[in-house]
Amino acid sequence: MKSTDGGYNWVVGKAIIADSGYVYSLIEHHFKPGLLFSAGGSSVYYSVDHGDTLKLLATVPVQFVESLAIDEEGQRLFVGSAKGVYEISFSSVVN
């Protein structure tokens, strides 16, 4: 599902979510509107078109990604799980 008005209206999205078929964590880049990061299972995906398409960014050695956070400079993604925190650089995606 996708909302472009703060959640007042929703439409069915186009992206196909691998892994379990569910998004467990979602975050939008604070400098680049439309750049989204999502996690499903152990895989982290990104989208540069507001979630219309998803591409695999990384797979982390965990069973379940619980949270995502972006650093202040907007160049690294932190992936949290019960096993610890992992860092993913995504500068090639942002530029």
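Only a predicted model underlies this, so the values are computations on that prediction, with no experimental measurement involved. (Residues numbered from 1 in each chain as written. Predicted model: local features only at pLDDT ≥ 70, side-chain atom pairs only at ≥ 80, totals over all residues. Heavy atoms only, no water.)

Draft legend 1. Quick look at the nonpolar core. In terms of nonpolar packing, the biggest core is built from 17 residues, with Phe37, Val65, Leu68, Leu77, Val79 and Ile88 touching the most fellow members. With residues near it in sequence (within four places) discarded, phenylalanine 37 still touches Ser25, Leu26, Ile27, His29, Tyr45, Tyr46, Leu57, Leu68, Ile70, Leu77 and Phe90. (Core = buried A, V, L, I, M, F, W, Y, C linked by side-chain atoms within 4.5 Å. Buried < 20%, exposed > 50% of the residue type's maximum accessible area, 1.4 Å probe, protein only. Contact = heavy atoms within 4.5 Å.)

Draft legend 2. Up close: the pairing of strand β2 (residues 36–40). With respect to burial, β2 is a largely interior element, five of its five residues being buried. Neither face of β2 is left uncovered, since the one carrying Leu36, Ser38 and Gly40 and the one carrying Phe37 and Ala39 both have all their residues buried. The sheet contact formed by strand β1 (residues 25–28) and β2 spans four bridges and is antiparallel. Residue pairing in the sheet places isoleucine 27 in a bridge with phenylalanine 37 of β2. Pairing geometry for β2 and strand β3 (residues 43–47), over five bridges, is antiparallel. (Helix = DSSP H or I, 4+ residues; strand = E, 2+ residues; numbered from the N terminus. Pairing = 2+ DSSP bridges.)

Draft legend 3. Main features of the environment of lysine 32. With respect to the secondary-structure elements, lysine 32 resides in the loop between β1 and β2. Spatially, the C-alpha atom of lysine 32 lies 8.8 Å from that of valine 48, the residues being 16 residues apart in sequence.

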